[in-house]
Amino acid sequence: HSPLIEQQVLTDFINEGHLDRHIRRMRSFYEQKRKLVVAALQKSFDGRIEILGDNAGINVLIRLQTDVSDEDLVALARTRGVGIVSTRAFYSGAGQTGEFLLNYGGISDAAIEAGILRLQDCVDSR
């Protein structure tokens, strides 16, 4: 059984429009954060990057032009405190090389910019 008091509070929260306001606020917040990520990526990788996918959510999908293998880049980035995921893990076949997923949901603006510079250093170090 679900607790009735919590259900009533949630019902009031939704009916009074608080959930809609929260969703609008979060969409705006993450839209601005995504713009920061995309601008920093484009500046750091200057024509060596393609931003893929929709302008929504808390992830950005990128395709990098690099000679570093996906596995090596993910491992090297991890040693420098940058978490990226190769999309090859999501394909049953070979998948696209140089394609990565970056999550920026819980990261400050300053940490995003610093992380992208460290990622650029990883790509350029080879």
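Data block above holds the structure.
Since this is a predicted model, take the numbers as computed values, not measurements.

Colleague: Quick question: what am I supposed to make of the overall build of the protein chain here?
Modeller: On a plain count of helices and strands, the protein chain comes out with four helices and four strands. The order of α-helices and β-strands along the protein chain, N terminus first, is α-α-β-β-α-β-β-α. Taking 126 residues into account, the globule formula puts the C-alpha radius of gyration at 14 Å, and the protein chain, at 19 Å, lies well above it. C-alpha extents for the protein chain along the principal axes are approximately 60 × 30 × 25 Å. Within the protein chain, the proportion of its 126 residues that are buried is 30%. Relative to all contacts within the protein chain whose residues are 6 or more apart in sequence, the contacts with residues 24 or more apart total 59%. When the accessible surface of the protein chain is totalled, it reaches about 8,200 Å², and 53% of it is carbon and sulfur. Here the protein chain holds 15 positive side-chain charges and 17 negative ones, and the gap between their average locations is 3 Å.

Colleague: Help me out: how do you make sense of the nonpolar core in this one?
Modeller: What tends to happen in soluble globular proteins is that the nonpolar side chains get buried as a cluster. Grouped together as the largest cluster of nonpolar side chains are 25 residues, with contacts concentrated most on L41, L73 and I84. When contributions to this core are tallied by element, the ones reaching two or more residues are α2 (18-45), β2 (59-64), α3 (70-79), β4 (99-103) and α4 (109-124). The greatest single-element share of this core, amounting to six residues, is contributed by α2. Contact partners of L41, with chain neighbours within four places excluded, come to D46, I49, I51, V60, I62, L102 and I116.

Colleague: Please explain the packing of aromatic side chains as it appears in this structure.
Modeller: The geometry of two aromatic rings is summed up by the distance between their centres and the angle between their planes. Taken as a whole, this structure holds one aromatic pair when the rule is applied. Measuring from centroid to centroid gives 4.9 Å for F29 and Y30, while their planes differ by 80°, and the two rings are edge-to-face. According to the relative accessible area criterion, F29 is partly exposed, its value standing at 41%. Looking at Y30, the relative accessible area reads 22%, which means it is partly exposed.

Colleague: Hey, could you run me through the sheet that holds β2 in this one?
Modeller: What holds strands together in a sheet is hydrogen bonding between their backbones, with the strands either parallel or antiparallel. Pairing in this open sheet of four strands is antiparallel, and the strands run β1-β2-β4-β3 from one edge to the other. Two strands close off the open sheet at either side, each with one partner strand: β1 (49-52) and β3 (85-86). Two elements, β3 and β4, share two bridges in a ladder whose sense is antiparallel. Among the inter-strand pairings, V85 is bridged to a residue of β4, identified as L101. Against the sheet, α2 engages β1, β2 and β4, with an angle of about 160° to β1.

Colleague: Is there a simple way to explain the environment of E113 in this structure?
Modeller: One can find E113 in helix α4. Given a relative accessible area of 41%, E113 falls into the partly exposed group. A sequence separation of 77 residues divides E113 from L36, and the C-alpha atoms of the two residues are 8.1 Å apart.

Colleague: Quick question: what am I supposed to make of the pattern of salt bridges here?
Modeller: Side-chain pairs of opposite charge can arise whenever the charged atoms involved come near each other. In total, this model carries six salt bridges according to the counting rule given. Across the salt bridge formed by E31 and K35, the nearest N and O atoms sit 3.5 Å from each other. Within this pair, E31 and its partner K35 are both found in helix α2, separated by four residues, close to a single helical turn. For E31, a relative accessible area of 41% translates into the label partly exposed.

Rules used in this analysis
Residues numbered from 1 in each chain as written. Predicted model: local features only at pLDDT ≥ 70, side-chain atom pairs only at ≥ 80, totals over all residues. Heavy atoms only, no water. Helix = DSSP H or I, 4+ residues; strand = E, 2+ residues; numbered from the N terminus. Rg over C-alpha atoms; globule rule 2.2 N^0.38 Å. Buried < 20%, exposed > 50% of the residue type's maximum accessible area, 1.4 Å probe, protein only. Contact = heavy atoms within 4.5 Å. Areas by Shrake-Rupley, 256 points an atom, 1.4 Å probe, with all protein chains shown as cover. Lys, Arg positive; Asp, Glu negative; His and termini not counted. Charge placed at Lys NZ, Arg CZ, Asp CG, Glu CD. Core = buried A, V, L, I, M, F, W, Y, C linked by side-chain atoms within 4.5 Å. Phe/Tyr/Trp six-rings, centres within 6.5 Å; stacked < 30°, edge-to-face > 60°. Pairing = 2+ DSSP bridges. Axes fitted to C-alpha atoms, helices over the stretch in contact; angles between N-to-C directions. Salt bridge = Lys/Arg side-chain N within 4 Å of Asp/Glu carboxyl O.

Worth remembering: the numbers are spatial, not functional.
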